[in-house]
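Now for the letters of each chain:
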Amino acid sequence: MQQVMDWFGLTEQEFWQSGFKVHATLNPVANEAARFAIDQTTKSNKRTALNQQLALMAVNSTTGAVVAYEGGKEYQTSQYDRIQKSQRSPGSTFKVFTYTEALRQGYSPYQVVLDEPVTFGAWKPENFDKKHHGPMTLLRALSSSNNVIAVKLMDSVGVENVTNLARELGITSPLQPNLSTTLGGSSVYPMELVQAFATIANHGT
């Protein structure tokens, strides 16, 4: 409703009197599955407090159609849309952009990189388990979400190249021009992240 009002310069009263027919791509079955997933995740993680929220968006990566969309746990409790309005750290999901840029520059998934103690200025990135795992392929480093190799890779392919690729794929939020961005150091909107991943799944389109 808000988008239609913005697109055509309508007030809310004009919208309801306009006679528009709005066709959405939402799939009721998929949306029910999204609601069920949110409920189950909420219960299994014991995050039942009102201020502990969760949102879910799913798209058809071939067409770009949004098939499921839940901006929060319960609309009656909170009508705030966390998919479009709440910036969050993308965490390790942002590493995918670093690895994609590396592939674009000619790196092989089977290229071996050393997971070792490394320092960039005053910053010393660490892995989640606080350990180092020695030589590993980029494929293994990505699948195991290795922090040190992701940072080393971003340094090698260039921070600006990675952030430019992320923007090409659909990230519009400001991205900090530093190596911590590959670990989720810059907040983005969930909708941007879903669209960017769908673009990758659709071979760049």
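Higher on the page you've got the structure.
Residues numbered from 1 in each chain as written. Predicted model: local features only at pLDDT ≥ 70, side-chain atom pairs only at ≥ 80, totals over all residues. Heavy atoms only, no water.

Once that is clear, we can look at the pattern of salt bridges. In the structure shown here, the tally under the stated rule is 6 salt bridges. Among the ionic pairs, R35 bridges to E70, the shortest N-O distance being 3.1 Å. One end of the pair, R35, is in helix α3 (residues 28-44); the other, E70, is in strand β2 (residues 66-70), with 35 residues separating them in the sequence. Classification of E70 as buried rests on a relative accessible area of 11%. The partner of R104 in a salt bridge is E101, with the nearest N and O atoms 3.2 Å apart. Residue R104 and its partner E101 are both found in helix α5 (residues 95-104); the two are separated by 3 residues, about one turn of the helix. When its relative accessible area of 48% is taken as the criterion, R104 is described as partly exposed. The buried category is assigned to E101, whose relative accessible area is 4%. Sharing partners across several salt bridges, the network here consists of E32, R35 and E70. (Salt bridge = Lys/Arg side-chain N within 4 Å of Asp/Glu carboxyl O. Helix = DSSP H or I, 4+ residues; strand = E, 2+ residues; numbered from the N terminus. Buried < 20%, exposed > 50% of the residue type's maximum accessible area, 1.4 Å probe, protein only.)

We now examine helix α8 (residues 159-169). In an α-helix, one turn spans 3.6 residues, which is why side chains three or four residues apart end up on the same side. Considered for burial, the residues of α8 that qualify are V159, V162, T163, L165, A166 and L169. Mapping the buried residues of α8 onto a view down its axis gives an arc of 155°, with all of them on the same face. The outward face of α8, more than 90 degrees from its buried face, is lined by the exposed residues E160 and E168. Those residues of α8 that are buried lie in contact with α5, α7 (147-157) and α9 (190-201). (Arc of directions from axis to C-beta. Contact = heavy atoms within 4.5 Å.)

Right, let's get into the side chain of D81. Among the structural elements, D81 can be located in the loop between β2 and α4 (82-85). Buried and without a salt bridge, D81 has K85 as its closest oppositely charged side chain, separated by 6.1 Å. Each residue touching D81, except ones within four places of it in the same chain, is listed here: Y69, G71 and S86. (Lys, Arg positive; Asp, Glu negative; His and termini not counted.)

So, on to the pairing of β2. Bridging between strand β1 (residues 56-59) and β2 involves 4 bridges; their strand directions are antiparallel. Across the sheet, M57 pairs through a bridge with Y69, a residue of β2. Hairpin remark: β1 followed by β2, antiparallel, with 6 residues in the connecting loop; positive phi at G64, about 85°. (Pairing = 2+ DSSP bridges.)

Scanning the entire structure with this criterion turns up 4 aromatic pairs. A centroid spacing of 4.8 Å and a plane angle of 40° characterise the contact between F8 and F20, whose relative ring orientation is tilted. One end of the pair, F8, is in helix α1 (residues 2-8); the other, F20, is in the loop between α2 (12-17) and α3, and 12 residues separate them in sequence. What makes F8 partly exposed here is its relative accessible area of 49%. Of the residues examined, F20 reaches a relative accessible area of 39% and is grouped as partly exposed. (Phe/Tyr/Trp six-rings, centres within 6.5 Å; stacked < 30°, edge-to-face > 60°.)

Let's shift gears to the environment of Q3. Within the secondary structure, Q3 is located in helix α1. Linking Q3 and H203, residues 200 residues apart in sequence, is a C-alpha distance of 28 Å.

Remark: α5 packs on α8, axes separated minimally by 9 Å, with the N-to-C direction vectors making an angle of 105°. Taken together, the axis directions place α5 and α8 in an arrangement best described as roughly perpendicular. Counted together, F97, T98, T100, E101 and R104 of α5 and N161, V162, L165, A166, E168 and L169 of α8 form the full contact between these two elements. Each residue belonging to the contact of α5 with α8 can be placed in one class, and the counts come to 5 nonpolar, 3 polar and 3 charged. (Axes fitted to C-alpha atoms, helices over the stretch in contact; angles between N-to-C directions. Parallel < 35°, antiparallel > 145°, perpendicular 65-115°, else oblique. Nonpolar A, V, L, I, M, F, W, Y, C, P; charged D, E, K, R; others polar.)

Ranked by size, the top nonpolar core spans 25 residues in total, and within it F97, Y99, I149 and I171 carry the most contacts. Mapped onto this core, the elements with two or more residues apiece are α5, α6 (138-143), α7, α8 and α9. Among the elements that line this core, the one with the most residues is α7, at 6 residues. For I149, the residues in contact, after removing those within four places along its chain, are Y99, V113, L114, D115, M136, L138 and A141. (Core = buried A, V, L, I, M, F, W, Y, C linked by side-chain atoms within 4.5 Å.)

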